[in-house]
Amino acid sequence: QVRLVESGGGLAQAGGSLRLSCVASDSIANLYTMGWYRQAPGNQREMVAVINGGGGTNYEESVKGRFTISRDNAKKTVYLQMNNLKSEDTAVYYCNTFPAPIVDWGQGTQVTVSS
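Reference entry: report on the structure contained in this document. (Residues numbered from 1 in each chain as written. Predicted model: local features only at pLDDT ≥ 70, side-chain atom pairs only at ≥ 80, totals over all residues. Heavy atoms only, no water.)

**A closer look at the pattern of salt bridges**
Thought 1: Summed over all chains, the structure comprises four salt bridges.
Thought 2: We note a salt bridge from Asp 89 to Arg 38, for which the minimum N-O separation is 3.0 Å. In this pair, Asp 89 is assigned in the loop between strand S8 (77-82) and strand S9 (91-97) and Arg 38 in strand S4 (residues 34-39), connecting sequence segments 51 residues apart. Exposure class is identical for Asp 89 and Arg 38. Each is buried.
Thought 3: Here Lys 64 and Glu 61 are joined by a salt bridge, their closest N and O atoms 3.0 Å apart.
Thought 4: For Lys 64, a relative accessible area of 47% corresponds to the partly exposed category.
Thought 5: Judged by its relative accessible area of 58%, Glu 61 falls in the exposed class. (Salt bridge = Lys/Arg side-chain N within 4 Å of Asp/Glu carboxyl O. Helix = DSSP H or I, 4+ residues; strand = E, 2+ residues; numbered from the N terminus. Buried < 20%, exposed > 50% of the residue type's maximum accessible area, 1.4 Å probe, protein only.)

**Section: the packing of aromatic side chains**
Thought 1: Applying the stated rule across the entire model yields three aromatic pairs.
Thought 2: Between Tyr 37 and Trp 105, the ring centres sit 5.2 Å apart and the planes meet at 90°, which makes this aromatic pair edge-to-face. Here the residue Tyr 37 occupies a position in strand S4, and Trp 105 occupies one in the loop between S9 and strand S10 (109-114), the gap between them amounting to 68 residues.
Thought 3: Each ring, one from Tyr 94 and one from Trp 105, has its centre 5.8 Å from the other, and the planes form 75°; the classification is edge-to-face. Note that Tyr 94 is positioned in strand S9 and Trp 105 in the loop between S9 and S10, a separation of 11 residues in sequence.
Thought 4: Overall, Trp 105 belongs to the partly exposed group, its relative accessible area being 32%.
Thought 5: For the cation-ring pair, Arg 19 lies above Tyr 79, with the distance from its terminal atom to the ring centre recorded as 4.0 Å.
Thought 6: In this structure, Arg 45 is placed above the aromatic ring of Trp 105, and the distance from its NZ or CZ to the ring centre is 3.8 Å. (Phe/Tyr/Trp six-rings, centres within 6.5 Å; stacked < 30°, edge-to-face > 60°. Lys NZ or Arg CZ within 6 Å of the ring centre and 35° of its normal.)

**Quick notes on the pairing of strand S3 (residues 18-24)**
Thought 1: Counted residue by residue, S3 has five buried out of seven residues, so it is predominantly covered.
Thought 2: By the bridge criterion, four bridges tie strand S1 (residues 4-7) to S3 in an arrangement that is antiparallel. Of the residues in S3, the one forming a bridge with Glu 6 is Cys 22.
Thought 3: Pairing analysis gives six bridges linking S3 to S8, with the strands arranged antiparallel. Along S8, the bridge assignment pairs Cys 22 with Val 78. (Pairing = 2+ DSSP bridges.)

Set out below in structure tokens:
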């Protein structure tokens, strides 16, 4: 029933910034811990950042201090502010529930960081 749509990706220079958005089709998504995931070619999909219903957050070590996850429940949207981007951040970024991704995966949004 719930559909998630990612947007905001694009091409950025190393050291630049992007803000990703994940919009849910239903407010029930507000009840779940949400995560941003990414998958680079040849790599496993990995968790990047999560935010729970109480606002608590956790980050993959390599993005700590650079990425910030937030949510606006009124807009049914989860954000990922990405600062000081590195080439290693290049990947397709997806959102889903965490730890179990119970929503069908969307198409994701491509982030490409040039050095």
